[in-house]
Amino acid sequence: MLDLDQILSTFSEIKPIDNISYKKDDLFICALGFEERCVVGIKKLESLGYKTRKAIYFRYSAQDDANRKNLVDLKKCLNKITDDDFEEFIFDRFQSNESFVEFEKKIESILNHNKNLKITLDITSIANTLITQILYFFITKRINFRIIYTEAKTYHPTEEEFKDYLKQIEEEGVIDQLLGQEIESNIILDGLEGEHHPGCTPILLVFVNFDYYRVQSALDYLDPPDFLFILGIPPKQERAWRLNAQQELFEHLPIGKKKFKAVTTFDYKDVFKFLENIYEEYEYSQTVFVNIQQVNDGDNFLR
């Protein structure tokens, strides 16, 4: 029986986009976003001579005003790399399960039951909820795909912004006010099946960022018997401060004893190992994942 290290050794390494192994796809998938980087990866692929037979881009119904500024540029980029045509797919985040059913139908019609076709997925501007659904669908259907991603130049809060905000929290009690904010929607993804062993306690893994009041909402909503905060280790040294800053921030939450674990945000193989070790270290057999995400249009909701 193969162990995890042997399995992971067969997985691809993360490489610069200049080193792509093949330049012809059957399908390219991306999303319209409010940042310019939503088209950077496509432009780079086009400069390398990349082509795809078809393309799909997601357009979020709730963030259209913010994202629309990049729409013309995105369409121009897709037109250059697509042989046949590209298609817009409107995605409603508040109806994510229903919207994704339609997306599944679209993908299956394009693939026409041929799972050997090649797909490139640009996750740069795709919402984390949607990434989870896409990956689960592709893996369970045994569809071949690769992922590309364009890193942001600047992440907020910056270190100075965080220091000012934390000072405001400590001096003015803003944390209590934030925790009292209403969350617009708690979104639960259906159909992501796993293993459940009766009698074993489930653990909630909370992948946090700096939206601590949304974390509080998630814990209140799900009321887990146990939970673990997952902190991201930044890949660049100039962002290393964010790791300790996140833990410092979540120490303010009035939820009793807290457990923290740090995991890389860059090496996906290490993340696999980390998740596998959760079962052994904590002796849980059911794991639930919660991702906290803030959207650009100022809404408060949990993803």
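Conventions and cut-offs
- Along each chain, residue indices are assigned from 1 in the same order as the chain's sequence is written.
- Local features in a predicted model are, by the rule used here, given only for residues with pLDDT of at least 70; side-chain atom pairs are given and counted only at 80 or more, and totals for whole chains, interfaces and linings are based on all residues.
- Side-chain calculation: all heavy atoms of the structure are included, whereas hydrogens and water are not.
- The pairing test for Phe, Tyr and Trp rings, Trp by its six-membered ring, is centres within 6.5 Å, and the orientation test on the planes gives stacked under 30 degrees, edge-to-face over 60, and tilted for anything in between.
- Each helix is a run of H or I in the DSSP string that is no shorter than four residues. Each strand is a run of E no shorter than two, and both are numbered from the N terminus.
- Note on classification: 1.4 Å probe, protein chains only; a residue is buried when its accessible area is under 20% of the maximum for its type, exposed when over 50%, partly exposed between these limits.
- Should the NZ of a Lys or the CZ of an Arg lie within 6 Å of a ring centre and within 35 degrees of the ring normal, that charge is described as sitting over the ring.
- Whether two strands pair depends on DSSP finding at least two bridges between them.
- Axes, fitted as lines to C-alpha atoms, cover a helix only where it is in contact. Angles between the N-to-C directions of the axes lie from 0 to 180 degrees.
- Contacts are residue-level and defined by heavy atoms, with any inter-residue pair within 4.5 Å sufficient.
- What makes a salt bridge here is a side-chain nitrogen of Lys or Arg within 4 Å of a carboxyl oxygen of Asp or Glu, nothing more.
- Each nonpolar core is a collection of buried residues, namely Ala, Val, Leu, Ile, Met, Phe, Trp, Tyr and Cys, held together in the definition by side-chain atoms within 4.5 Å.
- Crossovers are marked right-handed if the path from the first strand over the helix to the second runs clockwise, as seen with the strands pointing away from the viewer.

Before we go on, may I ask you to explain the packing of aromatic side chains in this structure?
Think of a pair of aromatic rings as described by two things: how far the centres are apart, and how the planes are tilted against each other in angle. In total, this model carries 19 aromatic pairs according to the counting rule given. Aromatic pair Phe-229 and Phe-260: ring centres 5.3 Å apart, planes at 40 degrees, arrangement tilted. Residue Phe-229 is found in strand E7 (residues 227–233), and its partner Phe-260 is found in strand E8 (residues 260–264); the two are separated by 31 residues along the sequence. In terms of burial, Phe-229 and Phe-260 fall into one category: buried. Three or more aromatic residues joined by ring pairs form one cluster here, namely Phe-58, Phe-89, Phe-91, Phe-100, Phe-103, Phe-137, Phe-138 and Phe-145. A cation over an aromatic ring shows up here: Lys-118 above the ring of Tyr-22, its NZ or CZ 4.3 Å from the ring centre. When the ring centre of Tyr-22 is taken as origin, the NZ or CZ atom of Arg-146, which lies over that ring, is 3.8 Å away.

Teacher, can you tell me more about the sheet that holds strand E1 (residues 24–31) here?
The strands making up a sheet associate through hydrogen bonds between their backbones, and the pairing can be parallel or antiparallel. Spatially, the five strands line up as an open sheet ordered E3-E2-E1-E4-E5, and their pairing is parallel. Only two strands of the sheet have a single neighbouring strand rather than two, namely strand E3 (82–91) and strand E5 (145–148). Along the sheet, successive strands turn relative to each other by an average axial angle of 20 degrees, direction set aside. Across seven bridges, the pairing between E1 and strand E2 (residues 51–60) is parallel. The residue bridging Asp-25 from the neighbouring strand is Thr-52, located in E2. Sheet strands in contact with helix H4 (residues 71–81) are E1, E2 and E3, and its direction is about 160 degrees off that of E2.

Honestly, the pattern of salt bridges in this entry has me stumped. Any pointers?
By the definition in use, this model includes 20 salt bridges. The closest approach of N and O atoms between Lys-269 and Glu-13, which form a salt bridge, is 2.7 Å. Of the two residues, Lys-269 sits in helix H11 (residues 268–282) while Glu-13 sits in the loop between helix H1 (4–8) and E1, which places them 256 residues apart along the sequence. You can call Lys-269 buried: its relative accessible area is 11%. Looking at Glu-13, the relative accessible area reads 54%, which means it is exposed. Asp-226 is paired through a salt bridge with Lys-259; the nearest N and O atoms lie 2.7 Å apart. Highlighted residues: Asp-226 in the loop between helix H9 (212–222) and E7 and Lys-259 in the loop between helix H10 (241–250) and E8, separated in sequence by 33 residues.

Is there a simple way to think about the nonpolar core in this case?
Ile-29, Phe-58, Phe-103, Ile-107, Leu-130 and Ile-134 are the most contacted members of the largest nonpolar core, which has 25 residues in total. When contributions to this core are tallied by element, the ones reaching two or more residues are E1, E2, E3, helix H5 (96–111), strand E4 (119–122) and helix H6 (128–140). When sequence neighbours within four positions are dropped, the list of residues in contact with Phe-103 reads Ile-29, Ile-56, Phe-58, Phe-89 and Ile-134. If you look at the next biggest cluster of nonpolar residues, it comprises 21 residues, including Leu-166, Val-206, Phe-210 and Leu-219.

In this structure, what is going on with the pairing of E2? I would like to understand it.
Successive side chains on a regular strand alternate, one facing one side of the sheet and the next facing the other. Taken across its 10 residues, E2 has seven buried, putting it largely inside the fold. Note that the unit made of E1, helix H2 (residues 40–47) and E2 has a crossover that is right-handed.

When you look at H9 in this model, what are you seeing that I'm missing?
Quick reminder: α-helices carry 3.6 residues per turn. Residues three or four places apart thus point the same way. Counting buried residues along H9, eight of its 11 residues qualify, which places the element largely inside the surrounding structure. What H9 keeps buried is the set Tyr-212, Tyr-213, Arg-214, Val-215, Gln-216, Ser-217, Ala-218 and Leu-219. Among the residues trailing H9, Asp-223 stands out with phi positive, at a value near 45 degrees.

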